Amino acid sequence: MKFTLGILLGFGLGVAAGLLLAPQSGEDMRSQLGEQGIMLRDRSVGVSNDLRARANDALTQGRDIYERTKGELGTMYTRAKSGEE
């Protein structure tokens, strides 16, 4: 019972302190958060395009390395099988 009362009292004091110490009204804060959300969204689009381009480059390089290594290993296997060095 004391624990629950402490939780409720702490919650009430936190809400009161938040209302008294808030730097802006709720409407101003929502407006500012909306603007910041738009800025973050626009910035994230550029970042995601950059990441996508980097991932495609890495994938292309990986495929090139795979094909080259596969060819070299095939050649080495053929030589070893036929007894060449």
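Look above for the structure.
Residues numbered from 1 in each chain as written. Predicted model: local features only at pLDDT ≥ 70, side-chain atom pairs only at ≥ 80, totals over all residues. Heavy atoms only, no water.

Asks: Looking at this model, I keep getting lost on the overall build of the protein. Mind explaining?
Replies: Helix and strand counts for the protein stand at 2 helices and 0 strands. The C-alpha radius of gyration computed for the protein amounts to 31 Å, which surpasses the reference 12 Å derived for 85 residues by more than 25%, pointing to a less compact arrangement than a globule. Referenced to the eigenvectors of the C-alpha coordinate spread, the extents of the protein come out at roughly 85 × 40 × 15 Å. Sorting the 85 residues of the protein into buried and exposed places 0% on the buried side. In the structure as shown, the protein presents an accessible area of about 7,900 Å², 63% of it carried by carbon and sulfur atoms. If you average the places of the 11 positive and of the 11 negative side-chain charges in the protein, the two averages end up 6 Å apart. (Helix = DSSP H or I, 4+ residues; strand = E, 2+ residues; numbered from the N terminus. Rg over C-alpha atoms; globule rule 2.2 N^0.38 Å. Buried < 20%, exposed > 50% of the residue type's maximum accessible area, 1.4 Å probe, protein only. Areas by Shrake-Rupley, 256 points an atom, 1.4 Å probe, with all protein chains shown as cover. Lys, Arg positive; Asp, Glu negative; His and termini not counted. Charge placed at Lys NZ, Arg CZ, Asp CG, Glu CD.)

Asks: Just checking my understanding: could you explain helix α2 (residues 26-82) for this structure?
Replies: Count 3.6 residues to each turn of an α-helix, and residues three or four apart come out pointing the same way. Between its first and last C-alpha atoms α2 spans 81 Å; for 57 residues at 1.5 Å apiece the expected length is 84 Å, and the two agree. Directly beyond the C-terminal end of α2, a positive phi value near 90° is found at G83. (Expected span 1.5 Å × (residues − 1).)

Asks: Looking at this structure, how should I read helix α1 (residues 2-21)?
Replies: With 20 residues, α1 ought to run about 28 Å at 1.5 Å a step, and its terminal C-alpha atoms sit 28 Å apart, in line with that. The element α1 is barely covered by neighbouring structure, given that only 0 of its 20 residues are classed as buried.

Asks: What am I meant to see in a nonpolar patch on the surface here?
Replies: On the surface, a nonpolar cluster with roughly 350 Å² of combined accessible area is contributed by F11, V15 and L19. Position of F11 among the secondary structure elements: in helix α1. Classification of F11 by relative accessible area gives exposed; the value is 61%. (Patch = residues over 30% accessible without salt bridge, like charges linked within 9 Å, V, L, I, M, F, W, Y side chains within 5 Å. Salt bridge = Lys/Arg side-chain N within 4 Å of Asp/Glu carboxyl O.)

Asks: Would you take a moment to explain the environment of G18 for this structure?
Replies: Considering the arrangement of structural elements, one finds G18 in helix α1. Considered as a pair, G18 and R43 are 25 residues apart in the sequence and their alpha carbons are 31 Å apart.

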